[in-house]
Amino acid sequence: MGKNVTGTHIVKGLGFDSFGLGANACSVDIDEENDKILRIRPFHFDEHYDPEDLNPWKIEAHGKTFEPGFKTLISPLSLCYKKRVYSKNRIPYPLKRIDWDPNGERNPQNRGTSGYVRISWDEAAQLVASEIKRIHDTYGPNSILCEYDGHGETKIVHAAHGCMTKLMELCGGFTSQARQPDSWEGWYWGAKHIWGMDPLGQQSKQSNIIQDISENGDAVLFWGCDVETTPLGWGGYMASRICFWFTDIGVKQIHISPDVNYTNAVHADKWIPVLPNTDAALQLAIAYTWITEGTYDQEYLDTHAVGFDHFRYYVLGGEDGIPKTPKWAEKICGVPSYTIKAFARYWAKHAVSIVHCNGGSYIRSAFSHEPARLEVALLGMQGLGKPGANQFKFMEWTLFGIPGVSPLPPSKIPDMGAAYRGWVSSGSQPSFIPKTMIPQAIMGEKVTWYGHVTAGLPREDQFTGPFTFPLEGDHGIHMVWSDTPCWETCWNGGYHMQDALRHENVECVVIQHPWMENDCFFGDIILPSNTKFETEDIGSDSDSGQWNVVLYERQAIQPLYDSKSDKEAVGEVAKALEKFGGIYENIYERYLGGKTDDEWIEYGFEKSGVPEDASFEEFKEKQYFAFPTREDYREMPVGLSKFYKDPEKSPLRTPTGKLEYYSTSLAQMWPDDKERGPVPHWVDESPEHQERQYLDRGRTYPFLLVSNHPHFRVHAQHDDVTWLREIETCKVTGPDGYKYEPIWVHPSDAGKLGLETGDIAKIYNERGGVLGGVIVSERIIPGAIYQDHGARVDPIVMGAGGLDRGGANNLIAPLPTTSKNTVGEVTSGFLVNIEKVDVFQLAEQYPEAFNREYDPDCGLVATARIVEGA
Ligand SMILES: Nc1nc2c(c(=O)[nH]1)N[C@H]1C(S)=C(S)[C@@H](COP(=O)(O)OP(=O)(O)OC[C@H]3O[C@@H](n4cnc5c(=O)[nH]c(N)nc54)[C@H](O)[C@@H]3O)O[C@H]1N2
Ligand SMILES: Nc1nc2c(c(=O)[nH]1)N[C@H]1C(S)=C(S)[C@@H](COP(=O)(O)OP(=O)(O)OC[C@H]3O[C@@H](n4cnc5c(=O)[nH]c(N)nc54)[C@H](O)[C@@H]3O)O[C@H]1N2
Ligand SMILES: [Mo]
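Residues numbered from 1 in each chain as written. Chains lettered and ligands numbered in written order. Predicted model: local features only at pLDDT ≥ 70, side-chain atom pairs only at ≥ 80, totals over all residues. Heavy atoms only, no water.

If you check an unreviewed UniProt entry, the protein appears there as Molybdopterin-dependent oxidoreductase from Raoultibacter massiliensis. For the record of the protein, the UniProt heading Sequence similarities (unreviewed entry) holds the text "Belongs to the prokaryotic molybdopterin-containing oxidoreductase family." (UniProt positions renumbered as here; feature names shortened; annotations may be inferred.)

Following this line, the structure appears as structure tokens:
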């Protein structure tokens, strides 16, 4: 015991949280000296526990054994995090926009360009409180939009997001920005109608699937899946270890994606390049091959499915006269017909499981419900649930706290909900707006949609509505309060959000954030919040599948500059509200919930699932509590094996309890929907989306942009981390010394376009353009262009038709949602063109943008925006 760690260290959970539940897989030990973070290193589960007492699980197959390790397999993003803490882009103190005068001219049109002056916390809190009171009196509480969902540091008592909603609820309500099931839009809107759930891991059990594949599987199909990138913040490198294990025991790994991502470069036995968001065509051609060659499991479908005849009719061309042959698919998806046939035949003969992290960026493309449904359709045709043939997810294994959701043997999942101080569920507010429709709603458009648009709700929820914003008698949005200021960088049609935030409807924008980036530039009042290193908290580590622990997270350093935690920042506003009396009376105490931080931590520990006799004092001393693996883990049913064995006794959550190749509920609800009909289809276009290369628009914008989750960032986070920016492929240094966001272009396209590695180019469509630095590479399929999602906005021209230097390509993503009756985001797999630019000429044309203070090591710096009081 204690063999790996010496000296003092502070334990922190350092993953990237989805819903404030604090789960992560990247706990770290921090060495601190003289109030400085010296280094961040892996955390050792066995520091205070004997490994044998923790009952290590084992996976055994082909004479080999796979076991958990005893230190966290943390990602570079976490190892580098001290550079984020000490970033030159930290907001040092409360700020007010220089030309925003609450008693005079508010100049909304200048948001994004104006400078800021330093103010005191007291003044900042008074300003926010007065604005809340004024908006309440003039328009009512629903005129305040709270943007509070999103990823954040894994904080519990000092919640990264949503503290303001606790306060606003006490003030009579607010309009909530509803969390999308963004990560797996296509699954949510599509797969649910064929098998009753999102991807398998999300709602149902996937226990023991790795054991099952190891014993019975021939191949794992990575369909748009980069386990060396996207599980890092959630599952650490466990997924990577599992890929090496598969190689070790001879389980083949087949990858389908437009790019050579960080996983197929290392682990793939076979890579099948496909054009972005054309997977549905490829899937239909696989179904065609199986149907015409008689190599699918009709007996299984007879007992486990309904409506297969409708599907077969469509695939064979009965409905539209177009048989979905491999030749037909080849022209759309770029995969040669012989490859499609060979692949379909291999699959039919072998036990194949499909793995996702969250689905691949095409799951967030136009009509994404179709490829998601088609994947389940294919799995069903090969006897879904039989040994070696399941689907599983490689990350967020404990997201909804469902036992058995991890494909690895689980222990008890700690529950951090009791101590959690942020986030009021978006569904709890009568006035809410899907995140994808925020810009239009702010600009005064009446928006309508179906469903509560939050992950985890049952299928039927998609049929509730229509919902509308604004509610009858309400007055639209007049104030925005955001603790997640990266909408323009992370969502659909970002340039419209720039227009919305500068719209005259919006009288006040309050931002609460540690770093000066993205939507922060549009704030009128900016409250500097801080990182989890600067506060004391409780947390958990449970997503790696190794060990589940509850963490006592001591404060590592004093708050930097004049910052406060999000909880404390909102607390300041609560105090300032009290002077107005009435509903605001005693509101600070009520906001705190009757406990000090310490008491919340203790309460959280007691309610987390630890045994009743576990001592809080011992927990504080050891800094963690570890749960042993559950004794009965080998008995837990594998994935959908129970459904496979007896669909009557273990039905799916569809209306018939079976796989629905024809969805009667979709047919009844929306008989005229051509985009998401009862049977999954290939969809060419819709009035909102013409994103196919072979359509007219494809002549003007001939390339499909792939915008994956960034390897070197978590969405909008970490773009300022100096150590990551040093990596050669992380940024491309332009002739002007600016570090541009990389764009991958295939050599054959680059030749035609006259582009070379190191050139600066503009990716554009009618919605505007973003710059980037070219890397000519065979890592991307010809006809597609690749640029990561999430680079920081650095505006040259703002608003629709604008231009951005930072390379935040969500600015030019389509604003319309997935399809007619679904409101998912469309942020990847859309059409663009690309051309080389001369940055010196642009600098002459736009001196203000090109002369902004800038440090190539960090990128944008906070002081660039501060005009007085620095
Ligand atoms: N092009 C493209 N776009 C996409 C996707 C894609 O595949 N391609 N994927 C989509 C998906 S799946 C998702 S989940 C979304 C993610 O979209 P978001 O969840 O909106 O993005 P994050 O960058 O994770 O955002 C969180 C924000 O919270 C801030 N933050 C972190 N910790 C704290 C804290 O303690 N306090 C405060 N106040 N702020 C904090 C971060 O700095 C950041 O600004 O993006 C979507 N957008
Ligand atoms: N480092 C890092 N990790 C993250 C995040 C991050 O921002 N950075 N974000 C987290 C979040 S919120 C989520 S939701 C998950 C997302 O996890 P995923 O949805 O799995 O991630 P993506 O990067 O969108 O896509 C994964 C892979 O899909 C492939 N792909 C892209 N387009 C297509 C296509 O049209 N067809 C096919 N077949 N394949 C395609 C690409 O090879 C890409 O590498 O990641 C999480 N982890
Ligand atoms: Mo996500």
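Now, onward.
Draft legend 1. Representation of the packing of helix α11 (residues 279-293) against helix α16 (residues 369-381) within the structure. It is at 9 Å that the axes of α11 and α16 come closest, and there the two elements cross at 20 degrees. Compared by their axis directions, α11 and α16 come out roughly parallel. Considering how the two elements wind past one another, α11 and α16 form a crossing that is left-handed. Within the contact between the two elements, α11 uses Asp-279, Ala-280, Gln-283, Leu-284, Ile-286, Ala-287, Trp-290 and Ile-291 and α16 uses Pro-371, Leu-374, Glu-375, Leu-378 and Met-381. (Axes fitted to C-alpha atoms, helices over the stretch in contact; angles between N-to-C directions. Helix = DSSP H or I, 4+ residues; strand = E, 2+ residues; numbered from the N terminus. Parallel < 35°, antiparallel > 145°, perpendicular 65-115°, else oblique. Left-handed = near helix turned anticlockwise from the far one by under 90°. Contact = heavy atoms within 4.5 Å.)

Draft legend 2. Examining the side chain of Arg-90 more closely. In this fold, Arg-90 is placed in the loop between α2 (81-85) and β7 (95-97). The exposure class of Arg-90 is buried, given its relative accessible area of 2%. A distance of 3.0 Å separates the side chain of Arg-90 from the backbone oxygen of Val-85, its partner in a polar contact. Separated by 2.9 Å, the side chains of Arg-90 and Glu-534 make a polar contact. Setting aside its immediate chain neighbours within four residues, Arg-90 contacts Arg-84, Val-85, Pro-514, Trp-515, Ser-529, Asn-530, Thr-531, Glu-534, Leu-560, Tyr-561, Ser-563 and Ala-862. (Buried < 20%, exposed > 50% of the residue type's maximum accessible area, 1.4 Å probe, protein only. Polar contact = N/O pair within 3.5 Å; in protein donor to acceptor, adjacent residues only side chain to side chain.)

Draft legend 3. Up close: the site of ligand 2. Taken together, 35 residues lie around ligand 2, and Thr-230, Asp-259, Asp-279, Arg-364 and Arg-713 are the ones closest in. The separation between an oxygen atom of ligand 2 and a polar side-chain atom of Asp-259 is 2.5 Å. Gly-360 has a polar backbone atom sitting 2.9 Å from an oxygen atom of ligand 2. Protein contacts shield 99% of the accessible area of ligand 2, which totals 910 Å² for the unbound molecule. When its residues are assigned to classes, the shell around ligand 2 shows 14 nonpolar, 16 polar and five charged. The residues that make up the shell around ligand 2 include at least three from each of domain 2 (185-395 + 637-661) and domain 3 (697-868). (Near = heavy atom within 4 Å. Areas by Shrake-Rupley, 256 points an atom, 1.4 Å probe, with all protein chains shown as cover. Nonpolar A, V, L, I, M, F, W, Y, C, P; charged D, E, K, R; others polar. Domains from an automatic or database assignment.)

Draft legend 4. Spotlight on the packing of aromatic side chains. Using the criterion set out here, one finds 37 aromatic pairs in the structure. Residues Phe-625 and Phe-627 carry aromatic rings whose centres are separated by 5.2 Å and whose planes lie at 80 degrees to one another, so their mutual orientation is edge-to-face. Judged by its relative accessible area of 16%, Phe-625 is buried. One aromatic cluster is present, formed by Phe-43, Phe-45, Tyr-49 and Tyr-624 through successive ring pairs. Over the face of the ring belonging to Tyr-86 we find Lys-36, whose NZ or CZ atom lies 4.3 Å from the ring centre. (Phe/Tyr/Trp six-rings, centres within 6.5 Å; stacked < 30°, edge-to-face > 60°. Lys NZ or Arg CZ within 6 Å of the ring centre and 35° of its normal.)

Draft legend 5. How the structure looks around the nonpolar core. Membership of the largest hydrophobic core comes to 153 residues, with the highest contact counts inside it found for Phe-311, Trp-347, Met-381 and Phe-394. For this core, the leading source of residues is α11, giving 10 residues. With 62 residues, the next largest nonpolar core counts Ala-129, Met-416, Tyr-552 and Phe-627 among its residues. (Core = buried A, V, L, I, M, F, W, Y, C linked by side-chain atoms within 4.5 Å.)

Draft legend 6. How the structure looks around the sheet that holds strand β24 (residues 537-541). Strand order in this open sheet of three strands is β24-β25-β26, and the pairing throughout is antiparallel. Taken across any chain shown, the strands that pair with only one partner, and hence form the sheet edges, are β24 and β26 (624-627). Across the sheet, the mean angle from the axis of one strand to that of its neighbour is 15 degrees, orientation sign disregarded. Relative to strand β25 (residues 548-553), β24 runs antiparallel, the two sharing five bridges. Along β25, the bridge assignment pairs Asp-541 with Val-549. Sitting on the sheet, helix α22 (residues 597-607) is in contact with β24, β25 and β26, with an inclination near 30 degrees to β24. (Pairing = 2+ DSSP bridges.)

Draft legend 7. Examining helix α5 (residues 185-195) more closely. Burial of α5 is extensive: 11 of the 11 residues sit out of reach of the surface. Residues Glu-185, Gly-186, Trp-187, Tyr-188, Trp-189, Gly-190, Ala-191, Lys-192, His-193, Ile-194 and Trp-195 constitute the buried set of α5. Looking one or two residues beyond α5, the residue adopting positive phi is Gly-196, at roughly 80 degrees.

Draft legend 8. Examining the domain arrangement of the protein more closely. Parsing the protein into structural domains produces domain 1 (1-172 + 423-442 + 458-630), domain 2 (185-395 + 637-661) and domain 3 (697-868). One C-alpha centre belongs to domain 2, the other to domain 3, and the line joining them spans 32 Å. With 24 residues of domain 2 at the contact, the number on the domain 3 side is 28 residues. Summing the contributions of domain 2 and of domain 3, the shared interface buries around 2200 Å²; its carbon and sulfur component is 62%. Counting across the interface, domain 2 meets domain 3 through zero salt bridges. Summed over the shared surface of domain 2 and domain 3, the number is 11 residue pairs in polar contact (both at pLDDT 80 or more). Elements with a minimum of two residues in the side of domain 2 that touches domain 3: α5 and β14 (270-273). Considering only residue class, the side of domain 2 that touches domain 3 consists of 12 nonpolar, eight polar and four charged. (Buried area = accessible area lost by both parts, 1.4 Å probe. Salt bridge = Lys/Arg side-chain N within 4 Å of Asp/Glu carboxyl O.)

Draft legend 9. Seen up close, the environment of Ile-132. Locating Ile-132 in the fold gives a position in helix α3 (residues 121-139). When the C-alpha positions of Ile-132 and Glu-445 are compared, they lie 23 Å apart, and in sequence the two are 313 residues distant.

Draft legend 10. Fine view of the site of ligand 1. Close to ligand 1 lie 36 residues, the nearest being Lys-155, Arg-364, Cys-490, His-513 and Asp-566. The side chain of His-709 places a nitrogen or oxygen atom 2.9 Å from a nitrogen atom of ligand 1. Taking Asn-810, its side chain carries an N or O atom lying 2.8 Å from a nitrogen atom of ligand 1. In isolation ligand 1 exposes 920 Å². Once the protein is present, 99% of that is buried. Elements that contribute at least two residues to the shell around ligand 1 include exactly β10 (152-153) and β22 (508-513). Of the residues that constitute the shell around ligand 1, the class distribution is eight nonpolar, 18 polar and 10 charged.

Draft legend 11. Here's a closer look at the sheet that holds strand β1 (residues 10-12). Reading across the sheet, the three strands line up as β1-β3-β4 and stay open at both edges, with antiparallel pairing between neighbours. What marks the edges here is a single partner per strand, and that holds for β1 and β4 (36-42). On average, adjacent strands in this sheet sit at an angle of 30 degrees to one another, irrespective of strand direction. In this structure, β1 lies alongside strand β3 (residues 28-33), joined through three bridges in antiparallel fashion. Bridge pairing in β3 places Ile-10 opposite Ile-30.

Draft legend 12. Representation of a negative patch on the surface. Where like charges cluster on the molecular surface, the negative patch consists of Asp-598, Glu-599, Glu-602, Glu-606 and Glu-617. Here the negative patch gets four residues from one element, more than from any other, and that element is α22. Structurally, the position occupied by Glu-606 is in helix α22. The exposure class of Glu-606 is partly exposed, given its relative accessible area of 48%. (Patch = residues over 30% accessible without salt bridge, like charges linked within 9 Å, V, L, I, M, F, W, Y side chains within 5 Å. Lys, Arg positive; Asp, Glu negative; His and termini not counted. Charge placed at Lys NZ, Arg CZ, Asp CG, Glu CD.)

Draft legend 13. Spatial organisation of the UniProt feature "domain: Pyrogallol hydroxytransferase large subunit-like N-terminal" (unreviewed entry) in the protein. The residues that UniProt annotates with the feature "domain: Pyrogallol hydroxytransferase large subunit-like N-terminal" (unreviewed entry) are residues 34-82. Strand forms 27% of residues 34-82 and helix 12%; the C-alpha atoms that close the span are 15 Å apart.

Draft legend 14. Quick peek at the pairing of β22. Extensive coverage of β22 is indicated by the burial of six of its six residues. Burial of β22 is two-sided: the residues Cys-508, Val-510 and Gln-512 facing one way and the residues Val-509, Ile-511 and His-513 facing the other way are all buried. Of the pairings in the sheet, the one linking strand β21 (residues 479-482) to β22 comprises four bridges and is parallel in character. Note on β22: the bridge partner recorded for Val-480 is Val-509.

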